[in-house]
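If you want the building blocks of each chain, they are given just below.
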Amino acid sequence: MKDKNEFKGWDWEELIPLLGMEEEYARSEKAEYGDILQAEKKLLDAMGNKICGYNREHPEDADRLIGELRTFLRKVADQSGYYKPFFEGILNLEEKDVFLQMFAMFIGSMWT
């Protein structure tokens, strides 16, 4: 588990250890030059799928993950400038599944 104080809010790559996806990330980083964008898209899709289904697959642990995702997104929002209202809108979603779905949908855009 990542210490909540460790998030810098720079980009979605900070979430890789939290989601246990180091191996998938390493594979995407080793992709051939022409395939690197496809490898990143595949990784982001996998991250989104894992996040989106987390409440159903791990209901006992969903609150912890959601808390950490919110901490990360708060850091991103605070550094985002123009996109701050958008990220704060996601942060304001109270229902677990809706929050996870929206977070998963826009994970590739979460960077500053």
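Quick notes on the rules
- Residues numbered from 1 in each chain as written.
- Predicted model: local features only at pLDDT ≥ 70, side-chain atom pairs only at ≥ 80, totals over all residues.
- Heavy atoms only, no water.
- Buried < 20%, exposed > 50% of the residue type's maximum accessible area, 1.4 Å probe, protein only.
- Helix = DSSP H or I, 4+ residues; strand = E, 2+ residues; numbered from the N terminus.
- Arc of directions from axis to C-beta.
- Axes fitted to C-alpha atoms, helices over the stretch in contact; angles between N-to-C directions.
- Parallel < 35°, antiparallel > 145°, perpendicular 65-115°, else oblique.
- Left-handed = near helix turned anticlockwise from the far one by under 90°.
- Contact = heavy atoms within 4.5 Å.
- Nonpolar A, V, L, I, M, F, W, Y, C, P; charged D, E, K, R; others polar.
- Core = buried A, V, L, I, M, F, W, Y, C linked by side-chain atoms within 4.5 Å.
- Salt bridge = Lys/Arg side-chain N within 4 Å of Asp/Glu carboxyl O.

Novice: Break down helix 6 (residues 84-91) for me, citing the residues and quoting the values.
Specialist: Buried within helix 6 are the following residues: Phe87, Ile90 and Leu91. All buried residues of helix 6 project into a common sector of 105° when viewed along the axis, lining one side.

Novice: Can you explain the packing of helix 5 (residues 62-79) against helix 6? Please cite residues and give values.
Specialist: Interaxial distance between helix 5 and helix 6 falls to 8 Å at its minimum, and their mutual angle equals 160°. Judged by the angle between their axes, helix 5 and helix 6 are roughly antiparallel. When you trace helix 5 past helix 6, the crossing you get is left-handed. Contacts from Arg70, Leu73, Arg74, Val76, Ala77 and Asp78 in helix 5 reach Lys84, Phe87, Glu88, Ile90 and Leu91 in helix 6. Residues that form the contact of helix 5 with helix 6 fall into these classes: six nonpolar, no polar and five charged.

Novice: So, the nonpolar core: which residues are in play, and what are the values?
Specialist: One finds Leu15, Met47, Ile51, Leu69, Leu73, Phe103 and Ile107 to be the most contacted residues of the largest nonpolar core, which totals 29 residues. At the level of secondary structure, the elements contributing two or more residues to this core comprise helix 1 (16-19), helix 3 (36-52), helix 5, helix 6 and helix 7 (96-105). Broken down by element, this core gets its largest block of residues, eight residues, from helix 5. Residue contacts for leucine 69: discarding those within four places in its chain leaves Leu15, Leu18, Ile51, Phe99, Leu100 and Phe103.

Novice: Before we move on, can you summarise the pattern of salt bridges with the specific residues and values?
Specialist: With the rule as written, the count across this model stands at nine salt bridges. For the salt bridge of glutamate 23 with arginine 27, the shortest nitrogen-to-oxygen distance reads 3.1 Å. Of this pair, glutamate 23 and arginine 27 both sit in helix 2 (residues 22-29), four residues apart, which is roughly one turn of that helix. We note a salt bridge from lysine 84 to aspartate 78, for which the minimum N-O separation is 3.8 Å. Connected through shared salt-bridge partners, Arg74, Asp78, Lys84 and Glu88 make up one network.

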